[in-house]
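Architecture and fold: a report
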Amino acid sequence: MTEISDSRRQLEQQALDHVIFTLIPTADLEAGGANIFVRGEGVHLEDHTGRRYLDMISAVTRANSLGYGNREIADAVKRQLSTLHYAGTASNIAPPTIELATRIAELTPNDLTKLYFANDGSEAVESALKIAKHYQITTNKPRAFKIISRWNAYHGATMGAIGATDWLGTRHISEPGMPGYSQIPGPMCYRNPFNMDTAAYGEFCAEYLEKEILHQGPDLVAAFIAEPVMQANGVQIPPDGYFDRVREICDRYGVLLIIDEVICGFGRTGDWFASNRLGIKPDLLTMAKAMTAGYLPMGAVAVRPEIIDALPVFRHVHTFSGHPACAAAANTVITIKMREGLIEQGRINGAYFLDSLQEAVGGHPIVGEVRGIGMWLAIDFTADKRTRAPLGEEHVRAIVQRMRQHGVIVSAIGTALEIAPSLISTRDDLDEACRVATLSINEIASERGLA
Ligand SMILES: Cc1ncc(COP(=O)(O)O)c(C=O)c1O
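Along each chain, residues carry numbers from 1 onward, in the same order as the chain's sequence is written. Residue-level local features of this predicted model are given only where pLDDT is at least 70; pairs of side-chain atoms are given and counted only at 80 or more, and the full residue set underlies all totals for whole chains, interfaces and linings.

The number of helices and strands found in the protein chain is 15 helices and 16 strands. In this treatment the radius of gyration is a C-alpha quantity, and the globule benchmark scales as 2.2 Å times the residue count to the 0.38 power. By the compact-globule yardstick of 22 Å for 451 residues, the protein chain fits well, its C-alpha radius of gyration being 22 Å. Structurally, the protein chain occupies a C-alpha span of about 65 × 60 × 45 Å along its principal axes. Expressed as a percentage of the 451 residues in the protein chain, the buried residues total 51%. Residue pairs are scored as contacts if the distance between their C-beta atoms, which are placed from the backbone, is within 7 Å. The long-range share in the protein chain, meaning contacts at least 24 apart out of those at least 6 apart in sequence, stands at 72%. Think of it this way: any DSSP run of H or I at least four residues long counts as a helix, any run of E at least two long counts as a strand, and we number them from the N terminus. To assign burial, the other C-beta atoms lying within 10 Å of each residue's own C-beta are counted, with C-beta atoms placed from the backbone; 20 or more indicates buried, 12 or fewer indicates exposed, and intermediate counts indicate partly exposed.

Put into structure tokens, the structure is as follows:
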């Protein structure tokens, strides 16, 4: 017994001493220790102390769309590794990667039928930005290098992607960053910086894009990049008409529209891509995360052929681009999602879960709004239902922490609590998450005198 706890303590200490953890304040890490998980099965995770959790945030990153321990994916990867583990990159390619490009081309919106593969979401975004600039410079805008993105956006951690990022305190540590980026307001649910009605604010944000293009100089602007459903402060679903207007404005000024589906893609919002569900027509679309359900790292950008074909050569390379084992994982993920109808199931179960949460906590004095699309939901908290003032983020984190103590893992994201279950979650799993969310909100609200 002592030996076991000694080895656990040693593992915890080694983690703190030698691993760089991100996003968690150092003090919280030292107080609470690192989360060390040793195995997973279905939607359950087990930590190094033997404690089991119901994972309702798909391995924190929302990537794990098919749960843990899927033998079919593991076997496909193993087969590929023993047949041809790696073929190089650039002009070298293996059949699973060709198969994957062909299959994704049938799932994307707006004839985005050509694919470039990267290793994660940030690289997919970098690649998209580079294609956009390269295209503009090669065709009709020889001076275009500017990129417009949105307040609160997240597009990745590498320099080009973070230039377009403005997410909850991640941007200013990278400043001054790369030149040529600017941000405009993006539509927000429930509360926005100008206290406008949500629909009116959506129109204002779209019009702002036109003003910003004119302000920056249309000949200098290469692309506008946006998440279809923004992550910051929890599942920001755009108002009807927003992306139609954005498309019109981009067309008017020859600005390419990059839709970043790194979270949304492969079923999170109840369709293969949120662009399909929301009727968005991108010129380029980035994807990663649920593409392999987290079984291996992979990202991609899908492009309209006339854009990529306009380049005499696309000078860009990642050593592991289109890795055959990752492609084998992604192909199997697509097969499983199609065969089991998991995306349709996620859409239906997501609507059920949203109803349950709205009924259970929607009326609570500290809950401002419960919203969601597909299997992506958020509970946005308020200190005052009348003014919609945000609840202190420390209280939101405390609710998330309490849920974890009750055995359910979700995430705090600014003013909201975010839930992104795997597509395989059952109604029982969702009921349990709803029960624990309700219990934890009640407990924290009464312990802290918030309601
Ligand atoms: C919309 C979006 N774009 C890009 C990224 C970056 O992806 P990665 O962390 O795989 O580099 C993320 C990650 O959360 C994301 O949510």
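This is not the end of the story, as more comes after the structure.
Here, nearness is defined through the C-beta atom: a residue counts as near a molecule or strand if that backbone-placed atom lies within 6 Å of it. Taken together, 14 residues surround the ligand, and among them Asp-120, Gly-121, Ser-122, Gly-156 and Val-262 come closest. At 3 residues, the largest contribution of residues to the shell around the ligand is made by helix α6 (residues 121-138).

Attention now moves to the sheet that holds strand β10 (residues 299-303). Strands are labelled as partners when DSSP assigns at least two bridges between them. Overall, mixed pairing links the 7 strands, which are arranged β4-β10-β9-β8-β7-β5-β6 in an open sheet. Edge positions in the sheet fall to β4 (114-118) and β6 (181-184), since each has one partner strand and no second. Adjacent strand axes in the sheet meet at a mean angle of 20 degrees, parallel and antiparallel pairs treated alike. Of the strand pairs in this sheet, β4 and β10 are connected by 5 bridges, and their pairing is antiparallel. The residue bridging Phe-117 from the neighbouring strand is Ala-300, located in β10. Where helices are involved, their axes are fitted lines through C-alpha atoms of the stretch in contact, as for all axes, and angles between N-to-C directions lie from 0 to 180°. Contacts from helix α5 (residues 95-107) reach β4 and β10, with the element oriented near 125 degrees to β4. Against the sheet, α6 contacts β4, β5 (146-150), β7 (221-226), β8 (256-260), β9 (284-287) and β10, and its axis sits at roughly 30 degrees relative to β10.

What follows deals with the pairing of strand β12 (residues 376-384). The sheet contact formed by strand β11 (residues 367-373) and β12 spans 6 bridges and is antiparallel. Paired with Arg-371 across the two strands is Ala-378, which belongs to β12. Inspection of the sheet shows β12 paired to strand β16 (residues 416-419) by 4 bridges, in the antiparallel sense. In the strand pairing of β16, Ala-378 is matched with Glu-418. As paired strands, β12 and strand β13 (residues 389-390) are joined by 2 bridges and run antiparallel to one another. Each residue of the ladder has a partner; that of Thr-382, found in β13, is Pro-390.

A word on the sheet that holds strand β14 (residues 408-409). An order of β1-β2-β3-β14 is seen for the 4 strands of this open sheet, with the pairing classed as mixed. At either margin of the open sheet sits one strand with a lone partner, and together these are β1 (37-41) and β14. Pairing between strand β3 (residues 52-55) and β14: 2 bridges, direction parallel. Bridging from a neighbouring strand, Leu-54 pairs with Val-408 of β14.

Further remarks concern the environment of Ala-274. Relative to the elements of secondary structure, Ala-274 occurs in helix α10 (residues 274-278). Residue class for Ala-274 comes out buried when judged on the 28 C-beta atoms lying within 10 Å of it. For the pair Ala-274 and Ile-259, spaced 15 residues apart in sequence, the C-alpha separation works out to 9.5 Å. Setting aside anything within four residues of it in sequence, one finds Ala-274 in contact with Pro-228, Val-229, Glu-261, Cys-264 and Thr-269.

Two elements in contact, helix α8 (residues 198-216) and helix α9 (residues 242-253), have axes separated by 9 Å at closest approach and are oriented at 10 degrees. The orientation of α8 with respect to α9, classified from their angle, is roughly parallel. Residues Gly-202, Cys-205, Ala-206, Leu-209, Glu-210 and Ile-213 of α8 form the contact with α9, whose participating residues are Tyr-242, Arg-245, Val-246, Ile-249 and Tyr-253. Its residues assigned to classes, the contact of α8 with α9 comprises 8 nonpolar, 1 polar and 2 charged. Any angle between 65 and 115 degrees counts as roughly perpendicular, while under 35 counts as roughly parallel, over 145 as roughly antiparallel, and the rest as oblique. Residue type decides the class: Asp, Glu, Lys and Arg count as charged, Ala, Val, Leu, Ile, Met, Phe, Trp, Tyr, Cys and Pro as nonpolar, and the leftover types, Gly among them, as polar.

The next subject is helix α4 (residues 71-83). One fewer than the residue count of a helix, multiplied by 1.5 Å, yields its expected span. Across its 13 residues, α4 extends 18 Å between first and last C-alpha, which sits within 8% of the 18 Å expected from 1.5 Å per residue. In this structure, the buried residues of α4 make contact with α5 and α12 (324-339).

This brings us to the packing of α5 against α12. The geometry of α5 relative to α12 is characterised by a closest axis approach of 8 Å and an angle of 40 degrees between their N-to-C directions. Judged by the inter-axis angle, α5 sits oblique to α12. Helix-helix and strand crossings are classified by hand; for α5 and α12 the assignment is left-handed. Contacts between α5 and α12 pair Pro-96, Thr-97, Glu-99, Leu-100 and Arg-103 from the former with Pro-324, Ala-327, Ala-328, Ala-330, Asn-331 and Ile-334 from the latter. Handedness of a crossing is defined here by the sense of rotation of the near helix relative to the far one, left-handed for an anticlockwise turn of less than a right angle and right-handed for a clockwise turn.

To continue, consider the domain arrangement of the protein chain. Examined at the domain level, the protein chain breaks down into domain 1 (35-64 + 341-447) and domain 2 (72-339). Taken over C-alpha atoms, the centre of domain 1 sits 26 Å from the centre of domain 2. Taken together, the contacts link 29 residues of domain 1 with 23 residues of domain 2. Breaking the side of domain 1 that touches domain 2 down by element, the ones donating at least two residues are α3 (58-62), α13 (342-361), β11, β12 and β16. Of the residues in the side of domain 1 that touches domain 2, the class split is 13 nonpolar, 9 polar and 7 charged. An automatic or database domain assignment provides the domain bounds reported here.

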